[in-house]
Structures are given as structure tokens and as C-alpha cells.
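Topology and contacts: notes
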Amino acid sequence: MMPRFVGRVGLADAVTVSNAALGFVAAVAATVDVELAARILLIAAIADALDGVVARRRGGTDVGPYLDSLADVASFGVAPALLVTMAVADAWGLAGPPGLVAVAGGALFVAAAVTRLGLYTAYDSDAAETEGVQTTLAATIIGASVLAGFTSPIVLVPLVYLLAALMLAPITYPDLHAQDALVMGLVQAAAIILAGRMGEQLVGTIGEGFAYGLLFLSLAYLCLGPRFYWRRD
């Protein structure tokens, strides 16, 4: 007897499922090393972009949109929230009021991501734009911030609250065009590979520059995308 997914799940769906698995790995890594977790989180973001490319070239399936949203909950909801929570635990611990504020922020981030992804699947999955900050963008900003050295809870905790609010805000974000997504993906890959390389000061410095570049691009789109990003009529 063949498994139920045979003939119903395509190559793009397999990439999506790998994204979910990366989200779990990033969550586990966050309990050990937040920078490693940030790298895995950014790899998951690349996988999230690739499944769309594969779907356009090889065709998608009916189950694809549902798998995509479920995978994004793991990779861009739970994993970044746990990453920030563990960064706070390392610096301040979780027993006191600051820790409770961080845990509450993480819970709010996950709730906002789940809500946004549900709304996206129901209403926006076939559109060229969507309301609220994309969960992938929110997770990318968190990952890039960590790789750029912004690991202080004073930075990360307000960032989590802000991104949670923006995911549910009635602000329209257009999809990135292919050439722009490619540029961001290349910068992202360089940041993942090069940032923070131990014992290789020059390489690590260059990698940190790519992490700053990724953070700059992400924040620029976050702030300017709804108003100034070029759209096709």
C-alpha cells in the first residue's frame, strides 16, 4: 500500500516540508546557540522562496498553499519567537519580569504569525500583494539582526512586539519581484556562510557586512515597500 502523499505531493511541496523541518532545527538550535539558530532561520527563508520558484516551473498542487502556511508557522512563527526568548534567557533569565515580558512577546509573535498566515491562505495566496508584514520578512529581520550582532534583549524584545503588530496591521505589501528576491537571496546566503566565522577575521568582517546589508534591505522594504516599491500595472 502506497503512502497517501504519493501522487498528491509535488517537488515544490517537498521543499516546503523541508522548510518546516528547518524551522524545528532552528528552534532546537536556539536553545544552544542563537547565532546558529539565526543562520538556520535564514536558510529556511531561502527554502521558502525556492518552493515558489519550483512551483512556478514544475507546477503546484492543491495541498501546496496549506503546506506552505503550516511550514511557515514552524519556521517563521515558533522558531524566531523561541530564538528571541532564548537570547533573553541567556542575558537576563526568564524568571523575573523582563523574562515574562519576553515570553509574552514571543507568544504574541506566534499568535500574530498564525493569524496572518491563515488570512493569507484564505484571501491573498493568489494575489500579488498582501496585508501585513510577511512572516518570512519578520523572521529574516530577526535573523539578520542577530547575525549583525544585535543580540541584546533591549533590541530584540521591542522588535518582536513591533513585528507582531505589523503582521496584523492593515498595511499592503507587494510581493518582491524576481530580480529583487534574487539579490536579497544572494546577500542572505553570504551572510549565512560568512558572518561570524571564528578564526577568520577578514572573512567574518565581510560576512558581518552582508548581515548588515541583509538587515538594511529588509528594513528598507519593511518601511518603504508599501509606499514606494515599484509595482506593475
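So, here is what we can say about the structure in this document. (Residues numbered from 1 in each chain as written. Predicted model: local features only at pLDDT ≥ 70, side-chain atom pairs only at ≥ 80, totals over all residues. Heavy atoms only, no water.)

Bringing the packing of helix α3 (residues 64-91) against helix α5 (residues 135-147) into the picture now. Running from N to C, α3 and α5 cross one another at 35°; their axes reach a closest spacing of 9 Å. Viewed along their axes, α3 and α5 form a crossing whose handedness is left-handed. Mapping the contact onto sequence places D72, F76, P80, L83 and V84 in α3 and T135, T136, A139, I142 and V146 in α5. Broken down by class, the residue content of the contact of α3 with α5 amounts to seven nonpolar, two polar and one charged. (Axes fitted to C-alpha atoms, helices over the stretch in contact; angles between N-to-C directions. Helix = DSSP H or I, 4+ residues; strand = E, 2+ residues; numbered from the N terminus. Left-handed = near helix turned anticlockwise from the far one by under 90°. Contact = heavy atoms within 4.5 Å. Nonpolar A, V, L, I, M, F, W, Y, C, P; charged D, E, K, R; others polar.)

Here we come to the packing of aromatic side chains. Summed over the entire model, instances satisfying the criterion amount to two aromatic pairs. Aromatic side chains F150 and Y212 sit 5.8 Å apart centroid to centroid with 80° between the ring planes, which places their arrangement in the edge-to-face category. Taken together, the residues span a long stretch of sequence, with F150 in the loop between α5 and α6 (153-167) and Y212 in helix α8 (residues 201-228) at a distance of 62 residues. Residue Y212 is classed as partly exposed on the basis of its relative accessible area of 38%. Ring geometry for Y173 versus Y221: centroids 5.7 Å apart, planes at 55°, classification tilted. Within this pair, whereas Y173 is found in strand β2 (residues 172-174), its partner Y221 is found in helix α8, the two being separated by 48 residues in sequence. Over the face of the ring belonging to F228 we find R227, whose NZ or CZ atom lies 5.2 Å from the ring centre. (Phe/Tyr/Trp six-rings, centres within 6.5 Å; stacked < 30°, edge-to-face > 60°. Buried < 20%, exposed > 50% of the residue type's maximum accessible area, 1.4 Å probe, protein only. Lys NZ or Arg CZ within 6 Å of the ring centre and 35° of its normal.)

Attention shifts here to the nonpolar core. One finds L83, F109, V133, I141, I142, L163 and L222 to be the most contacted residues of the largest nonpolar core, which totals 51 residues. At the level of secondary structure, the elements contributing two or more residues to this core comprise α1 (11-30), α2 (34-58), α3, α4 (97-124), α5, α6, α7 (178-194) and α8. If near-sequence neighbours (up to four positions away) are discounted, L83 is found in contact with A30, V34, A37, A38, L41, I142 and V146. (Core = buried A, V, L, I, M, F, W, Y, C linked by side-chain atoms within 4.5 Å.)

Once that is clear, we can look at α5. The end-to-end C-alpha distance of α5 is 18 Å, a good match for the 18 Å that 13 residues give at a rise of 1.5 Å each. Directly beyond the C-terminal end of α5, a positive phi value near 100° is found at G149. (Expected span 1.5 Å × (residues − 1).)

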